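The chain contents come next:
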Amino acid sequence: LSSFRDRDNMQGEAQGLQVLAMVYVAKAEPEAAVAVVQDAIPLFRELGDRKGEMDLLQSIVNADLVKEGMESSDEALRAVKIALALCNQSDFRRGQAAMLLTTFKILLARDKPE
């Protein structure tokens, strides 16, 4: 990432951050994944790359942001809330639906349906 930043290559930096977010999802670190996505979205927006922005959001939403067994963790709930907000800001309806469903699963796992 630093090489892309040093060369002012926003496209490379944004795509590198997307890969990093997917690595964090695979390692069951949803908060770190969402934090990286928060850094990448402004880059995609500045580039005018709406498809890249949607692909970025979809990569964490479809990758099961919260792995099975993590549903009761506070980290999972925080990450999903932020991911939902990002999907709302980007008007990514499928992402919104997926994050709402994940929120419901987390609340059920905690025996706190609201």
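Relevant structure appears above.
Predicted model only: the values in this text are computed from it and were never measured.

Undergrad: Describe in detail the nonpolar core, supporting the description with residues and values.
TA: Core analysis: the largest hydrophobic core is formed by 31 residues, its most contacted members being Val34, Val37, Leu57, Ile60, Leu65 and Met99. Residue assignment for this core shows that the elements contributing at least two residues are helix 2 (10-26), helix 3 (30-47), helix 4 (50-61), helix 5 (74-89) and helix 6 (93-109). Not counting the four nearest positions on each side in its chain, Ile60 is found in contact with Ala21, Val25, Val34, Val37, Leu65 and Ala83.

Undergrad: Outline the pattern of salt bridges, supporting the account with residue identities and numerical values.
TA: Under the definition given, this model contains seven salt bridges. With its nearest N and O atoms 3.0 Å apart, the salt bridge here joins Glu53 to Arg45. When salt bridges that share partners are traced, they join Arg45, Arg50 and Glu53 into one network.

Undergrad: So what's going on with a nonpolar patch on the surface? Which residues, and what values?
TA: Taken together, the side chains of Leu101, Phe104 and Leu108 present a nonpolar region at the surface, about 280 Å² in accessible area. By secondary structure assignment, the location of Leu101 is in helix 6. A relative accessible area of 45% means that Leu101 is categorised as partly exposed.

Undergrad: Requested: an account of the packing of helix 3 against helix 4, with residues and values cited.
TA: At their nearest, the axes of helix 3 and helix 4 sit 9 Å apart, and the two run at 170 degrees to each other. Classified by the angle their axes make, helix 3 and helix 4 are roughly antiparallel. As for how helix 3 packs across helix 4, the hand of that crossing is left-handed. Contact residues: Val34, Val37, Ala40, Ile41, Phe44 and Arg45 in helix 3; Gly52, Glu53, Leu56, Leu57 and Ile60 in helix 4.

Undergrad: Describe in detail helix 3, supporting the description with residues and values.
TA: In this model helix 3 runs 26 Å from its N-terminal to its C-terminal C-alpha over 18 residues, within 8% of the 26 Å that 1.5 Å per residue would give. Those residues of helix 3 that fall on the buried side of the exposure criterion are Pro30, Ala33, Val34, Val36, Val37, Ala40, Ile41, Leu43 and Phe44. Of the surrounding elements, those touching the buried residues of helix 3 are helix 2, helix 4 and helix 5. Looking one or two places after helix 3, you find Gly48, whose phi comes out positive at around 70 degrees.

Definitions and limits used
Residues numbered from 1 in each chain as written. Predicted model: local features only at pLDDT ≥ 70, side-chain atom pairs only at ≥ 80, totals over all residues. Heavy atoms only, no water. Core = buried A, V, L, I, M, F, W, Y, C linked by side-chain atoms within 4.5 Å. Buried < 20%, exposed > 50% of the residue type's maximum accessible area, 1.4 Å probe, protein only. Helix = DSSP H or I, 4+ residues; strand = E, 2+ residues; numbered from the N terminus. Contact = heavy atoms within 4.5 Å. Salt bridge = Lys/Arg side-chain N within 4 Å of Asp/Glu carboxyl O. Patch = residues over 30% accessible without salt bridge, like charges linked within 9 Å, V, L, I, M, F, W, Y side chains within 5 Å. Areas by Shrake-Rupley, 256 points an atom, 1.4 Å probe, with all protein chains shown as cover. Axes fitted to C-alpha atoms, helices over the stretch in contact; angles between N-to-C directions. Parallel < 35°, antiparallel > 145°, perpendicular 65-115°, else oblique. Left-handed = near helix turned anticlockwise from the far one by under 90°. Expected span 1.5 Å × (residues − 1).

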